[in-house]
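Per-entry structural report
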Amino acid sequence: MLKDTYKLKGQRAQLVKELKNEGITSVNVLKAIEAVPRHFFFPKDFIDKAYENIAFPIDNGQTISQPFTVAVQTQLLDIKPGDKVLEIGTGSGYQSAILKVMGANVYSIETVKILHTKAKQLFKKLGLDIVTILGDGSLGFPELAPFDKIIMTAAAPKLLNSLTEQLKIKGKLVAPVGNLDVQKMILVTRNGDNEYIQTTHGRFNFVPLTGTNGWSK
Ligand code: SAM
């Protein structure tokens, strides 16, 4: 349903309150979550669940991330208008839309064809100018590097040099890194050619990253 209603807007405002209570402080992130109708990106038979603070199954055994997780990753990236952002794992397209309304230039890679195609069509319908790529995001996207920000929305077995090397100086990467059950949210800031600073921000549970540098080849 590509229609927004007072009821759904109200549920969205309630979700934003919940995220504030859970510690999300970035006004820009909260505004973006209030602005983007998450139900547009949700399986249409379950729209009543779109504003619950939960991850939810989409096609092909994948998920639309939990709003809290989207908020944490986006807040960590400190998105500025004009940032060139690479997303790994387009999925439903919701995270890309959040980045786009915050003024980023978004390049999003997905490895599952049906998800790539659906997201591409949805962005077109919504007038969101987001570049969608079908491919293996575990390699990043060297053709378009370097990026100001890189966000990985699938669980990586380790921090990937293939990605950190594609950051601009002062660029940031956020990625869930760990085993298949639980991952730490790692923020990497590139301070020089060979100088990276790493901080950790809580535990999460993502679907696995596949591909060359993922869990399965
Ligand atoms: N960002 C998404 C959203 O807003 O709905 C949620 C993404 S879901 C948690 C993770 C996605 O990563 C899945 O769609 C999965 O197919 C994709 N994925 C896994 N490995 C990948 C890879 N090597 N390259 C690109 N996408 C990958």
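In this report, the structure presented in the accompanying data block is examined. Only a predicted model underlies this, so the values are computations on that prediction, with no experimental measurement involved.

**Description of the site of the ligand**
Looking at the ligand, there are 27 residues lining it, with Glu87, Ser92, Glu110, Gly137 and Thr210 nearest. Here Thr111 contributes a backbone N or O atom positioned 3.4 Å from a nitrogen atom of the ligand. At 3.2 Å from a nitrogen atom of the ligand is found a side-chain nitrogen or oxygen belonging to Thr153. In isolation the ligand exposes 600 Å². Once the protein is present, 99% of that is buried. In this structure the site holding the ligand corresponds to the second largest pocket. If you list the elements that add at least two residues to the shell around the ligand, you get β2 (63-64), α4 (94-101) and β4 (105-110). Residue composition of the shell around the ligand, by class: nine nonpolar, 15 polar and three charged.

**Side note on the packing of helix α3 (residues 67-77) against α4**
Remark: α3 packs on α4, axes separated minimally by 11 Å, with the N-to-C direction vectors making an angle of 40 degrees. With respect to α4, the axis of α3 lies oblique. The handedness of the crossing between α3 and α4 is right-handed. Every residue of α4 that contacts α3 at Val70, Gln73 and Thr74 is listed here: Tyr94, Gln95, Ile98 and Leu99.

**A few points about α4**
Taking burial as the measure, the eight residues of α4 include six buried ones, the bulk of the element. Buried within α4 are the following residues: Tyr94, Gln95, Ser96, Ala97, Ile98 and Leu99.

Rules used in this analysis
Residues numbered from 1 in each chain as written. Predicted model: local features only at pLDDT ≥ 70, side-chain atom pairs only at ≥ 80, totals over all residues. Heavy atoms only, no water. Near = heavy atom within 4 Å. Polar contact = N/O pair within 3.5 Å; in protein donor to acceptor, adjacent residues only side chain to side chain. Areas by Shrake-Rupley, 256 points an atom, 1.4 Å probe, with all protein chains shown as cover. 1 Å grid on protein atoms, 1.4 Å probe; cavity = no way out; pocket = protein on both sides within 12 Å on 5 of 7 lines; lining within 4 Å. Sits in = over half its atoms within 2 Å of the grid points. Helix = DSSP H or I, 4+ residues; strand = E, 2+ residues; numbered from the N terminus. Nonpolar A, V, L, I, M, F, W, Y, C, P; charged D, E, K, R; others polar. Axes fitted to C-alpha atoms, helices over the stretch in contact; angles between N-to-C directions. Parallel < 35°, antiparallel > 145°, perpendicular 65-115°, else oblique. Left-handed = near helix turned anticlockwise from the far one by under 90°. Contact = heavy atoms within 4.5 Å. Buried < 20%, exposed > 50% of the residue type's maximum accessible area, 1.4 Å probe, protein only.

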